[in-house]
Amino acid sequence: MQFTKIAQETVDAAPYFREALQRLYTWMRKFNLGQKNSRFAFVTDGPHDMWKFMQFQCLLSNIRMPHMFRSFINIKKTFKEKFNGLIKGNGKSGIENMLERLDLSFVGNKHSGLDDATNIAAIAIQMMKLKIELRINQKCSYKENQRSAARKDEERELEDAANVDLTSVDISRRDFQLWMRRLPLKLSSVTRREFINEEYLDCDSCDDLTDDKVKHLHSCDIYEIFDEKTSASFTDSKCLIC
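Computed from a predicted model, the values in this text were never measured in an experiment. (Residues numbered from 1 in each chain as written. Predicted model: local features only at pLDDT ≥ 70, side-chain atom pairs only at ≥ 80, totals over all residues. Heavy atoms only, no water.)

Asks: Would you mind showing me how to read the packing of helix α4 (residues 75-82) against helix α5 (residues 94-101) here?
Replies: To describe two helices that pack against each other, one gives the angle between their axes and the distance between the axes. Orientation of α4 relative to α5, taken along the N-to-C sense of each, is 45°, at an axis distance of 11 Å. Classed by the angle they form, the pair α4 and α5 counts as oblique. Crossing handedness for the pair α4 and α5: left-handed. Here Ile75, Lys76 and Phe79 of α4 come into contact with α5, specifically with Gly94, Met98 and Arg101. (Axes fitted to C-alpha atoms, helices over the stretch in contact; angles between N-to-C directions. Helix = DSSP H or I, 4+ residues; strand = E, 2+ residues; numbered from the N terminus. Parallel < 35°, antiparallel > 145°, perpendicular 65-115°, else oblique. Left-handed = near helix turned anticlockwise from the far one by under 90°. Contact = heavy atoms within 4.5 Å.)

Asks: When you look at the environment of phenylalanine 195 in this model, what are you seeing that I'm missing?
Replies: Structurally, phenylalanine 195 can be placed in helix α9 (residues 192-196). When the C-alpha positions of phenylalanine 195 and asparagine 137 are compared, they lie 7.7 Å apart, and in sequence the two are 58 residues distant. Beyond its immediate chain neighbours, meaning those up to four positions away, phenylalanine 195 contacts Arg135, Ile136, Val190 and Tyr200.

Asks: I tried to follow the pairing of strand β4 (residues 186-189) on my own but got confused; where do I start?
Replies: Residues in a regular strand point their side chains to alternate faces of the sheet. Residues of β4 alternate between two faces, with Lys186 and Ser188 on one and Leu187 and Ser189 on the opposite face, all of them buried. As paired strands, strand β3 (residues 138-141) and β4 are joined by four bridges and run antiparallel to one another. Within β4, the residue paired with lysine 139 across the bridge is serine 188. (Buried < 20%, exposed > 50% of the residue type's maximum accessible area, 1.4 Å probe, protein only. Pairing = 2+ DSSP bridges.)

Asks: Just checking my understanding: could you explain helix α2 (residues 17-30) for this structure?
Replies: Over its 14 residues, α2 extends 20 Å from the first C-alpha to the last, a length consistent with the 20 Å expected when each residue adds 1.5 Å. All of the buried residues along α2 are Phe17, Leu21, Tyr25 and Met28. The arc enclosing the buried residues of α2, seen along the axis, measures out at 85°, which places them on a common side. Taken from the residues just after α2, asparagine 32 is the one with a positive phi, measuring 60°. (Expected span 1.5 Å × (residues − 1). Arc of directions from axis to C-beta.)

Asks: Would you explain the nonpolar core in this entry?
Replies: As a rule of thumb, soluble globular proteins bury nonpolar side chains together. One finds Met54, Met65, Met68 and Phe69 to be the most contacted residues of the largest nonpolar core, which totals 20 residues. Within the residue set of this core, elements represented by two or more residues are α2 and α3 (48-60). Among the nonpolar cores identified, the runner-up in size contains 13 residues, and Ile75, Leu86, Ile123 and Met127 belong to it. (Core = buried A, V, L, I, M, F, W, Y, C linked by side-chain atoms within 4.5 Å.)

Asks: When you look at the pattern of salt bridges in this model, what are you seeing that I'm missing?
Replies: It is possible for side chains bearing opposite charge to pair when their charged atoms get close. Overall, the coordinates contain nine salt bridges when judged by the stated rule. Across the pair arginine 39 and glutamate 198 runs a salt bridge whose closest N-O atoms are separated by 2.7 Å. Linking arginine 39 in the loop between α2 and β1 (43-44) with glutamate 198 in the loop between α9 and α10 (212-217), this pair joins segments that are 159 residues apart in sequence. Residue classification places glutamate 198 among the partly exposed positions, given a relative accessible area of 33%. Here glutamate 199 makes a salt bridge to arginine 193, at a shortest N to O gap of 2.5 Å. With relative accessibility at 48%, the residue arginine 193 sits in the partly exposed group. Through salt bridges with shared partners, a single network forms among Glu133, Arg135 and Arg192. (Salt bridge = Lys/Arg side-chain N within 4 Å of Asp/Glu carboxyl O.)

Asks: What's the story with the confidence of the model for the chain in this structure? I'm lost.
Replies: The predicted structure's coordinates, where accompanied by low pLDDT, should not be read in detail. Per-residue confidence for the chain averages 76 on the pLDDT scale, and 68% of its residues sit at or above 70. Across the chain, β1 holds the top mean pLDDT of 96, while α10 sits lowest at 41. This model gives residues 146-152 a pLDDT under 50, and the stretch forms 13 contacts once residues within four places in sequence are excluded. The low-confidence segment residues 209-219, where pLDDT is below 50, has 15 contacts with residues more than four positions distant or belonging to other chains. (pLDDT = per-residue confidence, 0-100.)

Asks: I keep staring at the sheet that holds β3 and nothing clicks. Help me out?
Replies: Note on sheets: strands pair through backbone hydrogen bonds, and any given pair is parallel or antiparallel. Reading across from one edge, β1-β2-β3-β4 is the order of the four strands in this open sheet, with mixed pairing throughout. Each end of this open sheet is capped by a strand with a single partner; those strands are β1 and β4. Contacts from α4 reach β1, β2 (71-74), β3 and β4 within the one sheet, and its direction differs from that of β2 by about 40°.

Asks: Would you mind showing me how to read helix α6 (residues 113-129) here?
Replies: Since there are 3.6 residues in each turn of an α-helix, residues three or four apart along the chain are aligned in direction. Look at α6: 24 Å from first C-alpha to last across 17 residues, which is about the 24 Å you get at 1.5 Å a residue. Of the positions making up α6, those classed as buried are Asp115, Asn119, Ile120, Ile123, Ala124 and Met127. On its buried face, α6 is in contact with β1, α4 and α5. One or two positions beyond α6, positive phi appears at lysine 131, with a value near 65°.

Asks: Looking at this structure, how should I read the packing of aromatic side chains?
Replies: For any pair of aromatic rings, the description consists of the separation of the ring centres together with the inter-plane angle of the planes. One pass over the full model with this rule turns up four aromatic pairs. Each ring, one from phenylalanine 40 and one from phenylalanine 42, has its centre 5.8 Å from the other, and the planes form 85°; the classification is edge-to-face. Just as phenylalanine 40 is buried, phenylalanine 42 falls in that class too. Among the aromatic residues, those joined into a cluster by ring pairs are Phe40, Phe42 and Phe69. (Phe/Tyr/Trp six-rings, centres within 6.5 Å; stacked < 30°, edge-to-face > 60°.)

See the structure below:
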């Protein structure tokens, strides 16, 4: 309660994950999000919301991680690239530091998911006003994409995460590397070229296709999520994790 300002009564009244996901689908339908010829993307503060938390929750709930969550805009990554890094060690969160850099103030309670989303939206709007390109820049996939030698150190760290001696790194980095080893979908970056050419849509995160040759030829349209198959998999009680 003191940390998040979320009362136990609110937690007790909250829906289970499957119901919450269905409510999200219903809300998206109102704005034609996920329908044919519409495009959208989730914006996150770092990679963990989708790659770690969403993926792990789907595993716990025995459902496939929906494709629409498997690629996203990591706004912190974009912010660091455009503003030459992000201040650390001042006792403030990444969201607060981004807001301050943009002459904005945090609204609401810290560590509240809803308030964090509101403030991330404010950051995204302000960055777009500054003509900063926001695009999908990270994804979750079973196979890591090919990386050139010119990729940044961050990308090489992601590639090497599974082989690092965990006793030689700090706690936060150790946590990241443990999740990289254990989660089936790995975290990788999407270049601007891959985004423009829609190469990030190549089905290397698809649960349904097992033929590697087919995977490279087929692209899943992650924007068409409200089909009969989606509804069937949502209500099926058996384990759908491949």
